[in-house]
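# A look at the structure
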Amino acid sequence: MSKIIHRTFKSVPRVAAAASGVHIVDQAGKRYLDASGGAAVSCLGHGHPDVLAALHAQIDKLAYAHTSFFTSEVVEELADHLTAHAPQGMDQVYFVSGGSEAVEAALKLARQYFVESGQPQRTRFVARRQSYHGNTLGALAVGGNEWRRRQFAPLLIDVSHVSPVYEYRDRQPGETLDAYTGRLLAELEAEFQRLGPETVIAFVAETVVGATAGAVPPTPGYFKGVREICNRYGILLIADEVMSGMGRTGTLHAIEQDHVVPDLMTIAKGLGGGYQPIGAVLASSRITDPIRKGSGLFQHGHTYIGHPTAAAAALAVQKVIKRDGLLANVQARGEQLKAQLAEQFAQHPHVGDIRGRGLFVGVELVRDRESKTPFDPADKLNQKIKQLAMENGLLVYPMGGTIDGQLGDHVLLAPPFIVSEQDVADIVERLALSIDQAISAVAR
Ligand code: PLP
C-alpha cells in the first residue's frame, strides 16, 4: 500500500520509470506518447541534454541560497532573459515555485500597489466563471470552477465572476462575433459599476482558458476591450498565462496575439518545462515603483523563491526554445494538429468543437452535434478517454465540467514543442481510436 495521498484514494497510478523526447515509459516497459506534457508542462519533452547539463552544472556550483541573504547569478540572468522578451514595459519579475504561488503573488502585489499609491479602498477582484487559477485559497477564490470551489467556498475571499469567452456555446444564433464580444465587455463594465469601480483592484483572466474549458481562446478584440475598460477605471489587468504562456500558443506570451500589455502576468508550467518547479510574476515597473519608493518592500516571500537550481532549468529551457527556433515548430505543428483533427472528426457525430492556439488545442465532445447536448456526467466520458488513451500508448489531458463545472467533456492536447509531423499524425490517430472506444463503452 502506497503511503502517499495520491490524487485519488481509489487507485495508485502506474509508476513512471523513464522518459526521453516525447515519450514516457512506465515500470512495466509500456511507452506513452506524451501529447499533453502532463498538464501542458513538458514543452521541451523529456531528458533534453542541454537542460540536464545546465542542471548538473548548477547543482555542482550552488544548489540553493536563501533570498533574504543572497541573490544568484543564474536567477539574475533568468530575470534579464525574461524581461528582455516580455511585453513592453514588463521589466520586473518575482520568482516562485509554481502557478498557484504565482497567482497568489500577483494578487498581493496588485493589492500592495494600491495600498502604497493611496487607494487602500480597492479590495475586490473580478474574474471569470470556468477559469482555473490554482488550488491555494487565494487562487481558488479567483478561479471560477464551481466543482473545485464548492466545499472550500466558506473559506474564500469574495470575488465576482463574469462570463467566460466561450464562442462555441454562448454566441447566440445570428449574433456577430463583434456583437458577442461587445456583450461580454458590457457585462464586465456593468460588474465594475455594480461593485463601484473605485473598489476594484484587478480583473484576472487566463488569456486562453486551459484546464477547465479546454483551450478556449478569446474572441478578436476581447482583451483590447478589457484593457480599455480597466484603464477607464484605473483597474489592473492580470493575465494568467501559467498554462497558455511561454510559447505554448506559438508566441512567447499568448496575449501578444491580442496586442495587449497586461499590468501583471503569471507564468509557470512551460517556464521550466517540468525540469524543476518554477513560476513567476512579470510586472510592469509602473506597479512596482510606488512600492519601491514607498515601503521599499513587497510584503511576501517563500523559502524557495528565486531558487538557483530551478532558475538554471528555466534558463536552459528558454535558451533552447530561442536557439532552436521552436516557436516556429509550435506554429507549424499546431496548424497541422488542428487541420488533422478537423479532417479526422469532420463527420464525427460526437465531436462538437475543435479550438485553440498553437500547440494548445481542445476537442469538445457532445452527445448530439446538432443540439450540442453534452454527455451525462455519470458516463464519465472524459475519464474513460484518458484511461483508454493510456492503453493505446497516448497521454492526453481530458476533463469534465467543460460548460459549467458539471456538464460537458473535453480533451486538452499540449504536446512538446519538439513534436514531429509523424508524432502529430500518431496523436490524432490514437486519440480518434480512444474517443471511439470510450463512446462505445458509454453506449453499452
Ligand atoms: N493558473 C492556470 C491558468 C493554470 O492552468 C494552473 C494549473 O493548471 C495554475 C494557475 C496553477 O498552477 P500550479 O498547478 O502550478 O499551482
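Description of the structure in this document. Note that the structure is predicted; figures quoted are calculated from it, not measured. Starting from 1, residues in each chain are numbered consecutively following that chain's sequence as written. With pLDDT at 70 or above as the cut-off, local features in this predicted model cover only qualifying residues; side-chain atom pairs require 80 or more to be listed or tallied, and sums for whole chains, interfaces and linings still use all residues. Hydrogens and water molecules were not included; the side-chain quantities draw on all heavy atoms of the structure.

So, on to the packing of aromatic side chains. When two rings of Phe, Tyr or Trp (its six-membered ring) have centres within 6.5 Å they constitute a pair, described as stacked for plane angles under 30 degrees, edge-to-face for angles over 60, and tilted for the intermediate range. For the structure on display, the rule yields five aromatic pairs. Note on Y94 and F298: the rings are 5.2 Å apart at their centroids and 75 degrees apart in plane angle, and the pair reads as edge-to-face. Taken together, the positions of Y94 in strand β4 (residues 92-96) and F298 in the loop between α11 (285-293) and α12 (308-323) put the pair 204 residues apart, joining distant regions of the chain. Each residue is placed in one exposure class: buried if its accessible area under a 1.4 Å probe, protein chains only, is under 20% of its type's maximum, exposed if it is over 50%, and partly exposed if it falls in between. By relative accessible area, which is 17% here, Y94 ends up buried. Residue F298 is classed as buried on the basis of its relative accessible area of 18%. Pairing Y222 with F223 gives two aromatic rings, centres 5.1 Å apart and planes at 85 degrees, and the pair type is edge-to-face. Note on accessibility: Y222 and F223 belong to one class, buried. Under the DSSP-based scheme used, a helix requires at least four consecutive residues in state H or I and a strand at least two consecutive residues in state E, with every element numbered from the N terminus.

Strands are treated as partners if at least two bridges between them are detected by DSSP. With respect to topology, seven strands assemble into an open sheet ordered β4-β10-β9-β8-β7-β5-β6, the strand pairing being mixed. Two strands in the sheet have a free side with no partner beyond their single neighbour: β4 and β6 (159-162). Looking at each pair of strands side by side, their axes are set apart by 20 degrees on average, direction ignored. Taken together, the five bridges between β4 and strand β10 (residues 279-283) define a ladder with antiparallel strand orientation. When the bridges of β10 are listed, Y94 appears paired with V281. Relative to the sheet, helix α9 (residues 222-233) contacts β5 (124-128), β7 (200-206) and β8 (236-241), its axis offset from that of β7 by approximately 170 degrees. Under this scheme, a helix contributes an axis fitted over its contacting stretch, all axes are lines through C-alpha atoms, and angles between N-to-C directions fall in the 0 to 180 degree range. Note on definitions: a residue-residue contact is assigned when non-hydrogen atoms from the two residues lie within 4.5 Å.

The next subject is the site of the ligand. Looking at the ligand, the residues that line it are G98, G99, S100, Y132, H133, G134, E206, D240, V242, M243 and K269. D240 is positioned such that a nitrogen or oxygen atom in its side chain is 2.7 Å from a nitrogen atom of the ligand. In this structure, an oxygen atom belonging to the ligand sits 2.9 Å away from a side-chain N or O atom of K269. In short, Shrake-Rupley with a 1.4 Å probe defines the accessible areas, and a residue's cover is counted only from the protein chains shown. A total of 390 Å² of accessible area belongs to the ligand in isolation, and the protein chains cover 82% of it. We call a residue near a molecule or strand when any one of its heavy atoms sits within 4 Å of it. For this analysis, a polar contact is any N or O atom pair within 3.5 Å, provided that within protein one partner can donate a hydrogen and the other can accept it, and provided that sequence-adjacent residues contribute only side-chain to side-chain pairs.

Let's shift gears to the nonpolar core. We call a set of buried residues a nonpolar core when its members are Ala, Val, Leu, Ile, Met, Phe, Trp, Tyr or Cys and they connect through side-chain atoms within 4.5 Å of each other. In this structure, F192, F203 and V226 are the most contacted members of the largest nonpolar core, which totals 50 residues. Contributing elements (two or more residues each) for this core: α3 (73-84), α8 (177-195), β7, α9, β8, β9 (264-267), β10 and α12. In contact with F192, other than residues within four places in its own chain, are V126, P197, V200, F203, I229, C230, Y233 and I235.

On to the packing of α8 against α9, then. Between α8 and α9, the shortest axis-to-axis distance is 10 Å and the interhelical angle comes to 20 degrees. Considering their axes alone, α8 and α9 lie roughly parallel with respect to each other. Seen from above, α8 lies across α9 with right-handed handedness. Residues T181, L184, L185, L188, E189, F192 and Q193 of α8 touch α9, and the partners they reach there are Y222, G225, V226, I229, C230, R232 and Y233. Only Asp, Glu, Lys and Arg are considered charged in this grouping, and only Ala, Val, Leu, Ile, Met, Phe, Trp, Tyr, Cys and Pro are considered nonpolar; every other residue, Gly among them, is considered polar. In terms of residue class, the contact of α8 with α9 is made up of nine nonpolar, three polar and two charged. Orientation labels follow simple angle bins: below 35 degrees gives roughly parallel, above 145 gives roughly antiparallel, 65 to 115 gives roughly perpendicular, and whatever is left gives oblique. Whether a crossing is left-handed or right-handed is set by the direction in which the near helix is turned from the far one by less than a right angle, anticlockwise for left-handed and clockwise for right-handed.

Let us look at the pattern of salt bridges. Each reported salt bridge corresponds to a side-chain nitrogen of Lys or Arg within 4 Å of a carboxyl oxygen of Asp or Glu. According to the stated counting rule, one finds 18 salt bridges in the structure shown. Taking the shortest distance from any N to any O, the salt bridge between R194 and E191 comes out at 2.8 Å. Of this pair, R194 and E191 both sit in helix α8, three residues apart, which is roughly one turn of that helix. For R194, a relative accessible area of 60% corresponds to the exposed category. Judged by relative accessible area, E191 falls into the buried class, the value being 12%. Across the salt bridge formed by D263 and R286, the nearest N and O atoms sit 2.7 Å from each other.

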